[in-house]
Amino acid sequence: MKCFLFRLRQVGLGAAAALVLSTLACQPPPDSVASGSSALQAPRRLRRLSNREYNNVVRDLLGDTTAPATAFIPDALVTGYDNGPDDLIVQSDQVEAYRGAAEALAETVVAAHPDVLVGGCDPATRGNEACITAFLGSFAPRAFRRPLTATEHNRLRTVIDAFAADGDVWLGIQTALEAILQSPQFLYREELGEPIGPGIARLTPYEIASEISFLITGSMPDDALWRAVQDGRFITTDDFRREAARLLATPAASANLRTFFHEWLATNRLVPTMTVKSAAVYPTWDPALMTSMAGELDRLYDEVAFGDSGSLRALFTTPDAFVDPALASLYGVSPPASGFMKVALDPTTRRGVLSRAGYLTVHADSDSSGPVARGVFTMAAILCYRPLPRPAVVPPPPSVDDANKAGQTTRQRFSQHSSDPNCSPCHKVIDGIGFGFESFDGMGGYRTTENGQQIDASGVLMGSGDPNIDGPFDGVSGLVDHLMQGDRLSGCFARQMFRFGTGAIETSADEPFVASLGKDFTVDSRMTDLLLALVSSPRFTDRILPEGGP
Amino acid sequence: MKSRGPRGATRRNALKALAAIPFAGPLARAFAATGAGAAPPKRLVLVMQNNGTQQANFWPDAKLSSPILDSLFTDSTGADNGLRQKVTIVKGMSIPFDANGTNGNQHDMGFARLYTGEKLISMAGGPWGGGPSVDQIIAQDWGVDTLALAVLASDYEPYPKPGFEHRRSFVYLGPAQLKYPLIDPLGVYVKLFSSNDPIGAQQRLQRRQSVLDAVTGNLTEMAGRLGADDGRKLDYHLTAIRAVEQRLAAMLAGSAGACPLTPAPPTDFLAADPQAETTIETYIPDMVDAMIDLASIALGCGLSRIATLQLGYCGGKWGFAWEGINIQFHDYIAHQDTSDQGSSPENTDRIVRANRYYASRIARLATALDAVDEAGGTLLDNTLVVWGNELGRGDHNQSNAPVVLLGLTGQGLPTGGRVIDAGEQVMNRLGCTVLNLMDHPTPGFGDVPDCGVFTGL
């Protein structure tokens, strides 16, 4: 094999590419919808809080903003989404990390603001017993996200009594808080449910409240949702949609969906630990620029997701950008005095998210524009092409140094991809897309020449299975025109939302539901409508009961 | 509200309470007094190297000498370090090409299968190990926790791309469930030695025990509600809690679990550079040495009986600037090694230099263990060190993947040093051999249940 597929040294493929990345080569369309399955295929399960969710929960439960989980072992995210995907477990080092965090959190909260734990109860005036009752009756259920069982209550009471020595109740409460923060009822989201029919369970209102809250805000239910459940106002699918819609309007939802977009488009890799650039090739590169790039995308994602249209079309076509002084220089627009300013970029060159510096920086090699990386990611994450195995051994392409010495463009550097029949069947598809990004270098700068030659940003989209979008195009703007046709982009987005929403990779049994989710969804639909459709579906609320019961 | 600092501050706070003696060097003296008494337990160290070796320069002659292995058998001055007498080198091990429906390549097959023996299983197409690795099987037998260590920093690939998370570890708790290694030497140090911290007073330990009891009770109760569904998650969690609980109980009893010495801490690499453990390779040699020293001390102290050490990601891309190479190894060196004799003198020289580095680090580990007297022998005599490799040759060749066994002298492996060359032997025999040497009798390993141990062992 002489071709050099996938020189993905530092390509930063994103969430959906978690499914494909190394393997994606040729281009058959995804399987058509599998037949003969019901939408009710989700097993009962536990979802361990991701490190991000852990930080959010201790912030909302205890008022702690130190993000202690930053020091935990990084999560592995098989779905690509950092919201308690199926595969997260606890290893011994994590037990110790949870313990360290719990001890520090408990010590801090008891010393600094114990009211959080006992609702303002003062043992000196109201007595220990009243404060213990407040702790176990009000705080502990919020931490467990449901009422405690009698056994759980008694177990915590035993801990309190063992250490509330000499009349000082606080050491007992502090120790019980440590236990709560290390308990599975806190560390996992329960999706266990109660039987509602033969072989079927429905999640309890408390469990559904948790699922919706974590899905939309990335954290535990807020006070209003908690009260709705307690008051019996959270029973029907209308209730679920109502609360989900309410939560979507909160700042926490913005932050959480921002995370979704960053993970889907892999722009969460705009951090020095994940993205590096060659100083020799990009002498003006400064890792701090990634902060500006991420800041721009934060604002873009917020505006698109919660703006007037809230659509994929807006995300992929908007000329609006948010620039700080550093980015203004990169984009060639007038800079703000400080902070970020909304500007309109030239839509012929900078159209939508695919043309933004942050996106282009992570989808590049460390020393070049990375057309293979860009092509692969577009296929994998944005169009959901189905992956095929890659070749066994992939010789590297000519080095950037050699290409520069020869005065070659990046397109020419990869010329073997088209001339070598071992490479071309797959690379004509991958590079066909990737070359369309050639107007942008590896840190998102616009260019018209490379090594003295004119840039050729012509590309071709092929093999998508949708004749509406296949065909030649010119540059990113031309590619976007193709993406706006047909239902490949909208269907792929619905698939990504399914993975994000369920914390699972779809099985063949899930395909009918994934298809139904995307059926009426178009590039002009409001993206968050998919979340509302999801939370009121049986796939979200119901579970299979094992034979013989749990 | 009182705020706690970032990770570095937490680590440093923990250190303040620790009295220190010099970290490097005194292991033998520190343990000299502990050598007598009951028969010492066996220990195990698994090492994983990536990208294969240079075949013509690895396999030794009749005197157990080769350009690469000479670095295993000599100290920094070139003097014989005695390890030739305690080595068994297995030639001919092959790793079957079997992606098993995943998108894995030969790197993944070696990395995820060498110590698990199981077929790869697909996680969204990704190639993950199909069962527990041999260290975890033995840990279950012994009822102990393991110390999983790694140095993963890389200029070229600072973190696995999405879809490559499986390349972060070769240690598997179970099917597709990795145990992730610790990558911060100072963090490892705090983990190992914080029990020596005066703030770890008796009341603190008692509270921890009480909390663990409550947590275990809650786990058990939840497991009852969960039934068979997804129960494996709580199984892993319970196993992890027991490991921590065991260490805590020993501390409470004031007996085992506490090291008789508190070595000085290793360098705070994150303080030296926040990217030291991720995107820059400057500190790799020092971090590797620190991890090796920590593993040695943990084994010697009885803080751990099983350690694993991973040198880079699966298919790693270190540049080896510290060996004067400074070229991305995987793409531009290993892949060019297209024959056992090498593709060019220059490329071969680079591969030899990189592999001499690996050999010298294994020597650092083994000689540290061999310097500790234990029950009439040495700590190495009671330890099996396995130096494994995901490939045979850097161009993804899976034949003749090098296997070096050190130690356990007189306890299943002979003295005198030798090369076993009994023709092609399937990879599974490595795990089977390790299990049997660790007193876990089994006729096979992984997906070859009757493979037996290495022929000629």
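For every chain, the first residue of the written sequence is number 1, and numbering continues from 1 along that sequence. Each chain gets a letter, beginning with A, and each ligand a number, beginning with 1, in the order they are written. Confidence filtering applies because this is a predicted model: local features only for residues at pLDDT of at least 70, side-chain atom pairs given and counted only at 80 or more, and all residues used for totals across whole chains, interfaces and linings. In computing side-chain values, all of the structure's heavy atoms are included and hydrogens and water are not.

## Focus: the overall build of chain B
Next up, step 1: Helical segments are the DSSP runs of H or I of at least four residues, strand segments are the runs of E of at least two, and each set is numbered from the N terminus. Helix and strand content of chain B: 14 helices and 13 strands.
Next up, step 2: Within the span of chain B, comprising 457 residues, buried residues form 63% of the whole.
Next up, step 3: The contact criterion used throughout is that any non-hydrogen atoms of two residues lie within 4.5 Å. If you take every contact in chain B between residues at least 6 apart in sequence, the share linking residues at least 24 apart comes to 74%. Using a 1.4 Å probe on the protein chains alone, a residue whose accessible area is under 20% of its type maximum counts as buried, one over 50% counts as exposed, and one in between counts as partly exposed.

## So, the overall build of chain A
Next up, step 1: Each helix and strand in chain A was counted, giving 26 helices and eleven strands.
Next up, step 2: In summary, chain A has a C-alpha radius of gyration of 26 Å against a globular reference of 24 Å for 550 residues, a match within 12%.
Next up, step 3: Along the first, second and third principal axes, the C-alpha atoms of chain A reach 80 × 55 × 45 Å.
Next up, step 4: For chain A, the residues scored as buried account for 63% of the 550 residues in total.
Next up, step 5: Partitioning the intrachain contacts of chain A with sequence separation of at least 6 by distance along the chain shows that 72% fall at a separation of at least 24.
Next up, step 6: Residues counted as positive are Lys and Arg, residues counted as negative are Asp and Glu, and His and the chain ends are not counted. Charged groups are reduced to one reference atom each: NZ for lysine, CZ for arginine, CG for aspartic acid, CD for glutamic acid. In chain A, which carries 47 positive and 64 negative side-chain charges, the distance between the mean positions of the two groups comes to 3 Å. The atom set for the radius of gyration is the C-alpha atoms, and the globule formula is 2.2 Å times the number of residues raised to the power 0.38.

## Focus on the interface of chain B and chain A
Next up, step 1: Each partner contributes residues to the interface: chain B has 73 residues there, and chain A has 84 residues.
Next up, step 2: Salt bridges are defined as contacts in which a side-chain nitrogen from Lys or Arg sits within 4 Å of a carboxyl oxygen from Asp or Glu. Summed over the shared surface of chain B and chain A, the result is seven salt bridges.
Next up, step 3: Between Glu96 of chain A and Lys191 of chain B there is a salt bridge, with its nearest N and O atoms 2.5 Å apart.
Next up, step 4: Counting of polar contacts relies on pairs of N or O atoms within 3.5 Å, with two restrictions inside protein: one atom must be capable of donating a hydrogen and the other of accepting it, and residues adjacent in sequence are counted only when both atoms are side-chain atoms. On the surface where chain B and chain A come into contact, there are 23 residue pairs in polar contact (both at pLDDT 80 or more).
Next up, step 5: Elements with a minimum of two residues in the side of chain B that touches chain A: helix 5 (106-113), strand 7 (177-178), helix 8 (202-226), helix 9 (231-253) and helix 12 (329-332) of chain B.
Next up, step 6: When residues of the side of chain B that touches chain A are assigned to their parent elements, the largest contribution, 16 residues, is made by helix 8 of chain B.

## Examining the sheet that holds strand 4 (residues 200-202) of chain A
Residue and element names in this part refer to chain A.
Next up, step 1: Whether two strands pair comes down to DSSP finding at least two bridges between them. Here three strands make up an open sheet; going across it, the order is 3-4-11 and the pairing antiparallel. Looking along the sheet, the strands with just one partner apiece sit at the ends: strand 3 (194-197) and strand 11 (542-544). Neighbour-to-neighbour, the strand axes of the sheet open up by a mean angle of 45°, direction not taken into account.
Next up, step 2: As judged from the three bridges shared by strand 3 and strand 4, these two strands associate in the antiparallel manner. By the bridge assignment for strand 4, Glu194 is matched with Arg202. Note on geometry: axes are lines fitted to C-alpha atoms, helical ones only across the stretch in contact, with angles between N-to-C directions running from 0 to 180 degrees.

## What to know about the nonpolar core
A general trend in soluble globular proteins is that nonpolar side chains are found buried together.
All names here are of chain B.
Next up, step 1: For this analysis, a nonpolar core means a set of buried residues of the types Ala, Val, Leu, Ile, Met, Phe, Trp, Tyr and Cys, connected via side-chain atoms within 4.5 Å. With 113 residues, the main nonpolar core has Leu72, Leu384, Trp387 and Leu430 as its most contacted residues.
Next up, step 2: Here this core takes twelve residues from helix 11 (residues 284-301), the largest share from any one element.
Next up, step 3: Shared between two domains, this core holds at least three residues of each, these being domain 1 (5-183 + 277-437) and domain 2 (190-275).
Next up, step 4: Filtering out sequence-adjacent residues up to four positions away, Trp387 remains in contact with Val47, Gln49, Phe58, Leu69, Leu72, Tyr115, Tyr358, Ala359, Ile362, Pro402, Val403 and Val404. Each domain's limits were defined by an automated method or a database of domain assignments.

## Concerning the packing of aromatic side chains
Next up, step 1: Note on aromatic contacts: the rings of Phe and Tyr and the six-membered ring of Trp form a pair at centre separations within 6.5 Å, being stacked when their planes are under 30 degrees apart, edge-to-face when over 60 apart, and tilted otherwise. For the structure shown, the criterion picks out 36 aromatic pairs over all chains.
Next up, step 2: Ring geometry for Phe261 of chain A against Trp264 of chain A: centres 6.4 Å apart, planes inclined by 50°, an arrangement best described as tilted. Of the two residues, Phe261 of chain A and Trp264 of chain A are both situated in helix 12 (residues 251-264); the distance of three residues between them amounts to about one turn of the helix.
Next up, step 3: The buried category is assigned to Phe261 of chain A, whose relative accessible area is 3%.
Next up, step 4: A residue is classified by how much of its surface remains accessible, and Trp264 of chain A, at 0% relative accessible area, is buried.
Next up, step 5: Considering the side-chain rings of Phe111 of chain B and Phe170 of chain B, the 6.2 Å spacing of their centres and the 75° angle between planes classify their relative orientation as edge-to-face. Here Phe170 of chain B lies in the loop between strand 5 (147-151) and strand 6 (172-174) and Phe111 of chain B lies in helix 5, a separation of 59 residues in the sequence.
Next up, step 6: Residue class for Phe170 of chain B comes out buried when judged on its relative accessible area of 1%.
Next up, step 7: These aromatic residues form a ring-pair network of at least three members: Tyr81, Phe260, Phe261, Trp264, Tyr301, Phe316, Phe493, Phe500 and Phe521 of chain A.
Next up, step 8: Positioned above the aromatic ring of Phe186 of chain A is the side chain of Arg145 of chain A, whose terminal nitrogen or guanidinium carbon lies 5.9 Å from the ring centre. Throughout this description, the term charge over a ring refers to an Arg CZ or Lys NZ atom that lies within 6 Å of the ring centre and within 35 degrees of the ring normal.

## Considerations on the sheet that holds strand 1 (residues 43-49) of chain B
Residue and element names in this part refer to chain B.
Next up, step 1: Judged by pairing direction, the sheet is mixed, and its seven strands sit side by side in the order 5-8-1-11-12-2-13 without closing on themselves. The sheet is open, and its two edges are formed by strand 5 and strand 13 (418-426), each paired on a single side. On average, each strand axis in the sheet is tilted by 15° relative to the strand beside it, whichever way the strands run.
Next up, step 2: Across six bridges, the pairing between strand 2 (residues 87-94) and strand 13 is parallel. Across the sheet, Val90 pairs through a bridge with Ile420, a residue of strand 13.

## Describing the environment of Glu107 of chain A
Next up, step 1: Along the chain, Glu107 of chain A turns up in helix 2 (residues 92-112).
Next up, step 2: With 63 residues separating them in the primary sequence, Glu107 of chain A and Trp170 of chain A have C-alpha atoms 9.9 Å apart.

## Observations concerning the pattern of salt bridges
Residues and elements named next belong to chain A.
Next up, step 1: The full count for this structure, using the stated rule, is 62 salt bridges over all chains.
Next up, step 2: The closest approach of N and O atoms between Arg47 and Glu191, which form a salt bridge, is 3.5 Å. Pair noted here: Arg47 is in strand 1 (residues 45-48) and Glu191 is in strand 2 (residues 188-191), with a separation of 144 residues, a long-range link.
Next up, step 3: Glu211 serves as the salt-bridge partner of Arg189, at 3.3 Å between the closest nitrogen and oxygen. In this pair, Arg189 sits in strand 2 while Glu211 sits in helix 9 (residues 205-217), placing the two residues 22 residues apart along the sequence. A single burial state applies to Arg189 and to Glu211, both of which are buried.

## Remarks on helix 11 of chain B
Next up, step 1: Expected span, for any helix, means 1.5 Å times one less than how many residues it has. The end-to-end C-alpha distance of helix 11 of chain B, which contains 18 residues, comes to 25 Å, matching closely the 26 Å that a straight helix rising 1.5 Å per residue would cover.
Next up, step 2: Counted residue by residue, helix 11 of chain B has 17 buried out of 18 residues, so it is predominantly covered.

## Focus: the state of the cysteines
Residue and element names in this part refer to chain A.
Next up, step 1: Disulfides are defined as cysteine sulfur pairs within 2.5 Å. For the coordinates displayed, the defined rule picks out two disulfides over all chains.
Next up, step 2: Across the disulfide from Cys384 sits Cys492; the S-S distance is 2.0 Å. Here the S-S torsion is close to 75°, and the disulfide linking Cys384 with Cys492 is therefore right-handed. Of this pair, Cys384 sits in the loop between helix 17 (371-382) and helix 18 (400-405) while Cys492 sits in helix 23 (residues 488-502), and the two are 108 residues apart along the sequence.
Next up, step 3: The class of Cys384 is buried, set by a relative accessible area of 10%.

## Side note on the confidence of the model for chain A
Next up, step 1: The predictor attaches a confidence to each residue, called pLDDT, with possible values from 0 through 100. Looking at chain A, pLDDT values average 89 and 90% of them are 70 or higher.
Next up, step 2: For the stretch residues 1-38 of chain A, pLDDT sits under 50, and the model shows 186 contacts to residues farther than four places along the chain or on other chains.

## What about the packing of helix 9 of chain A against helix 11 (residues 237-248) of chain A?
All names here are of chain A.
Next up, step 1: Two elements in contact, helix 9 and helix 11, have axes whose closest approach is 10 Å; the angle formed by their N-to-C orientations is 30°. Compared by their axis directions, helix 9 and helix 11 come out roughly parallel. In this structure, helix 9 meets helix 11 at a crossing whose hand is right-handed. Across from Ile208, Ile212, Ser213, Ile216 and Thr217 in helix 9, the residues of helix 11 making contact are Phe240, Ala244, Leu247 and Leu248.
Next up, step 2: Each residue receives one of three labels: charged for Asp, Glu, Lys and Arg, nonpolar for Ala, Val, Leu, Ile, Met, Phe, Trp, Tyr, Cys and Pro, and polar for the others, Gly being one of them. Among the residues forming the contact of helix 9 with helix 11, the class breakdown is seven nonpolar, two polar and no charged. The labels follow the angle: roughly parallel below 35 degrees, roughly antiparallel above 145, roughly perpendicular from 65 to 115, and oblique for the rest. Handedness of a helix crossing follows the sense of rotation of the near helix relative to the far helix, less than a right angle counterclockwise being left-handed and clockwise being right-handed.

## Structural notes on the pairing of strand 5 of chain B
Residues and elements named next belong to chain B.
Next up, step 1: Most of strand 5 is tucked away: five of the five residues are buried.
Next up, step 2: Burial along strand 5 is two-sided: Leu147, Leu149 and Val151 facing one way and Ala148 and Ala150 facing the other are all buried.
Next up, step 3: Examined bridge by bridge, strand 5 and strand 8 (residues 306-311) share five bridges and lie parallel to one another. Among the inter-strand pairings, Leu147 is bridged to a residue of strand 8, identified as Ala307.

## Some words on helix 22 (residues 475-483) of chain A
Residues and elements named next belong to chain A.
Next up, step 1: Summarising burial for helix 22: eight of the nine residues are buried, a large majority.
Next up, step 2: Of all the residues in helix 22, the buried ones are Gly475, Val476, Ser477, Gly478, Leu479, Val480, His482 and Leu483.
Next up, step 3: Where helix 22 is buried, its residues meet helix 14 (312-317), helix 17, helix 21 (424-434), strand 9 (458-461), strand 10 (471-474) and helix 23.

## Topic: the confidence of the model for chain B
Parts of the model with low pLDDT should not have their predicted coordinates read in detail.
Residue and element names in this part refer to chain B.
Next up, step 1: For chain B, per-residue confidence averages 88 on the pLDDT scale, and residues scoring 70 or more make up 88% of the total.
Next up, step 2: Within the model, pLDDT remains below 50 along residues 1-9, and this stretch shows 19 contacts once partners closer than five positions in the same chain are excluded.
Next up, step 3: A low-confidence stretch, residues 11-36 stays under pLDDT 50, and its non-local contacts, those more than four residues away or across chains, total 57 contacts.
Next up, step 4: What the predictor reports for the complex is a pTM of 0.88 with an ipTM of 0.85.

## What about the packing of helix 12 of chain A against helix 23 of chain A?
Two quantities define a packed helix pair, namely the angle between the axes and the distance from one axis to the other.
Residues and elements named next belong to chain A.
Next up, step 1: Packing of helix 12 against helix 23 brings their axes to within 12 Å, and their N-to-C directions diverge by 120°. As far as their axial angle goes, helix 23 and helix 12 are oblique. Of the two elements, helix 12 crosses helix 23, and the hand of that crossing is right-handed. Between helix 12 and helix 23, the residues in contact are Asn256, Leu257, Phe260, Phe261 and Trp264 and Phe493, Gln496, Met497 and Phe500, respectively.
Next up, step 2: Partitioning the contact of helix 12 with helix 23 into residue classes produces seven nonpolar, two polar and no charged.

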